[in-house]
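The residues making up each chain are set out below.
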Amino acid sequence: MFRLRHSDQRTLAIVLAIFASLLCWNLGAGGREVCEPKQYRFRIDINTATAGELRTLPGIGPKLAEGIIQYRDENAPIEDFSEILNVRGIGPKRYDAMEPYFRE
């Protein structure tokens, strides 16, 4: 098995951080510009999503995914995404992080 010494791990982490920073900065005519925010690449239908699909949402683990499915089964169909605020463990902050991934 290949192992790095602690000092080598630290050096590698610094090099990777610098490389990532360089990838995210563009030295163009307009000066430094920060990379564009990451675009959402997928959307899910909250009324048909599996537990695995729900777990791809930010801040959703197995327990919350099952809670969403249980709520959905008891209150289907969910017509307004904000209804999942009724699921224990989902508050406004978590909902705001998830909302862009919902398919209408």
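Here the residue index of a chain counts from 1 through its sequence in written order. Local features in this predicted model are restricted to residues of pLDDT 70 or higher, and side-chain atom pairs are both shown and tallied only at a pLDDT of 80 or more, whereas totals for entire chains, interfaces and linings draw on every residue. The side-chain quantities take in all heavy atoms of the structure and omit both hydrogens and water.

Chemist: Explanation requested: helix α3 (residues 62-75) in the structure shown.
Modeler: One turn of the α-helix equals 3.6 residues, which is why residues spaced by three or four share an orientation. Here α3 is 14 residues long and its end C-alpha atoms lie 20 Å apart, about the 20 Å a rise of 1.5 Å per residue gives. Whether a residue is buried, partly exposed or exposed follows from its accessible area with a 1.4 Å probe, protein chains only, as a fraction of its type maximum: under 20%, in between, or over 50%, in that order. Secondary structure is summarised from DSSP: a helix means a run of H or I of at least four residues, a strand means a run of E of at least two, and numbering begins at the N terminus for each. Leu64, Ala65, Ile68, Ile69, Tyr71 and Arg72 are the residues of α3 that are buried. The arc that holds the buried residues of α3, viewed along the axis, is 165 degrees, so those residues lie on one side. Away from its buried face, by an angle of more than 90 degrees, α3 presents the exposed residues Lys63, Asp73 and Glu74. To estimate how far a helix should reach, multiply one less than its number of residues by 1.5 Å. As used here, the arc belongs to the directions running from the helix axis to the C-beta atoms.

Chemist: What's the story with the packing of aromatic side chains in this structure? I'm lost.
Modeler: The relative placement of two aromatic rings is captured by the distance of their centres and the angle of their planes. Ring pairs shown here join Phe, Tyr and Trp side chains whose ring centres sit within 6.5 Å, with only the six-membered ring taken for Trp; geometry is labelled stacked below 30 degrees between planes, edge-to-face above 60, and tilted in between. Scanning all chains against the criterion turns up three aromatic pairs. Relative to Phe102, the ring of Tyr95 has its centre 6.4 Å away and its plane inclined at 45 degrees; by these criteria the two rings are tilted. Just as Tyr95 is buried, Phe102 falls in that class too. Feature note: the residues Phe81, Tyr95 and Phe102 constitute an aromatic cluster, connected by ring pairs.

Chemist: Just to check I follow, could you spell out the environment of Ile60 for this structure?
Modeler: Secondary-structure assignment places Ile60 in the loop between α2 (51-54) and α3. Should any heavy atoms of two residues lie within 4.5 Å, those residues are counted as being in contact. With near-sequence residues (within four places) excluded, Ile60 lies in contact with Leu54, Arg55, Ala65, Ile68, Ile90, Arg94 and Met98.

Chemist: I tried to follow the side chain of Arg72 on my own but got confused; where do I start?
Modeler: By the element assignment, Arg72 lies in helix α3. Despite being buried, Arg72 has no salt bridge partner; Asp73 is the closest side chain of opposite charge, sitting 4.0 Å away. Look past the residues within four positions of Arg72 in its chain and what remains in contact with it is Ile46, Asn47, Thr48, Ala49 and Ile78. Counting rule for charge: Lys and Arg are taken as positive, Asp and Glu as negative, and neither His nor the chain ends is counted. Within this document, salt bridges are pairs made up of a side-chain nitrogen of Lys or Arg and a carboxyl oxygen of Asp or Glu, the two lying within 4 Å of each other.

Chemist: Help me understand unusual backbone geometry in this model?
Modeler: Trans peptide bonds make up the majority, and among non-glycine residues the majority have a negative phi. The linkage connecting Ala76 with the following residue, Pro77, adopts the cis geometry, with an omega of -10 degrees. Mapped onto the fold, Pro77 is located in the loop between α3 and α4 (92-98).

Chemist: Would you mind showing me how to read the confidence of the model for the protein chain here?
Modeler: Segments scoring low in pLDDT should not have their predicted coordinates read at a detailed level. Confidence of the predictor at the level of single residues is given by pLDDT, which spans 0 to 100. Residues of the protein chain with pLDDT of at least 70 account for 66%, and the chain-wide mean is 79. Taken element by element, the protein chain is modelled with least confidence in strand β1 (residues 25-28), mean pLDDT 50, and with most confidence in α3, mean pLDDT 95. Of the regions scoring below 50 in pLDDT, residues 27-31 engages in two contacts with residues more than four places distant in sequence or in other chains.

Chemist: I would appreciate a short explanation of the environment of Lys63 in the present structure.
Modeler: Take Lys63: it is sitting in helix α3. Distance in space between the C-alpha atoms of Lys63 and Gly89 is 9.3 Å, their sequence separation being 26 residues.

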